[in-house]
Amino acid sequence: MFATPDEVEQAFYEALRLGDAMRVMHTWADDEETVCIHPGGERLTGTSAIQSSWQELLNSGPVHIHAHQPVVITYGMTVIHVLIEEVQANTPRGNRELLFYATNVYHKGRTGWHLVHHHAAPAPSDVLLSDMHDIPNLLH
């Protein structure tokens, strides 16, 4: 049970760094109204589709990712984090840093806070300099 959206977010990104799809899914609400959109991917709706996508993605190993959290929006029992993800990836051109804008939506239900929506899209290569220069809150 997660007491805050920040706890959920930390657990989510830690599970990705560990390459543990079951831990990733522990952060998600068990609800067919959940939605996940991976960069360049299709819209996935519901627990089963989302779990399958994370298992497939993590079959290649852990995702070396750091999330920078510049914007938090709160609406009662729903909290939205709009952040920048730094991902270290092995590509045909070698090890590269990829940047993504991400939106994570958390909702507080009977069992605490859980992720109900994740959407990531490519960000410009200079986004950390332009968007993050004066924002001190950094998740590790």
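- In the annotation of an unreviewed UniProt entry, the chain is listed under the name SnoaL-like domain-containing protein and assigned to Advenella kashmirensis W13003.

### What about the side chain of Glu 86?
- Note on placement: Glu 86 falls in strand 4 (residues 78-91).
- At 9.6 Å, Arg 17 is the nearest oppositely charged side chain to Glu 86, a buried residue that forms no salt bridge.
- Side chain to side chain, Glu 86 and His 68 meet in a polar contact 2.3 Å long.
- Setting aside its immediate chain neighbours within four residues, Glu 86 contacts His 64, Ile 65, His 66, His 68, Glu 97, Leu 98, Leu 99 and Leu 128.

### Quick notes on the nonpolar core
- Ranked by size, the top nonpolar core spans 27 residues in total, and within it Phe 12, Tyr 13, Leu 16, Val 24, Trp 28, Ile 50 and Trp 54 carry the most contacts.
- Elements represented by at least two residues in this core include exactly helix 1 (5-18), helix 2 (21-27), helix 3 (47-58), strand 3 (64-75), strand 4, strand 5 (94-109) and strand 6 (112-122).
- Ranked by residue count, the leading element in this core is helix 1, at five residues.

The rules we used
Residues numbered from 1 in each chain as written. Predicted model: local features only at pLDDT ≥ 70, side-chain atom pairs only at ≥ 80, totals over all residues. Heavy atoms only, no water. Helix = DSSP H or I, 4+ residues; strand = E, 2+ residues; numbered from the N terminus. Buried < 20%, exposed > 50% of the residue type's maximum accessible area, 1.4 Å probe, protein only. Lys, Arg positive; Asp, Glu negative; His and termini not counted. Salt bridge = Lys/Arg side-chain N within 4 Å of Asp/Glu carboxyl O. Polar contact = N/O pair within 3.5 Å; in protein donor to acceptor, adjacent residues only side chain to side chain. Contact = heavy atoms within 4.5 Å. Core = buried A, V, L, I, M, F, W, Y, C linked by side-chain atoms within 4.5 Å.

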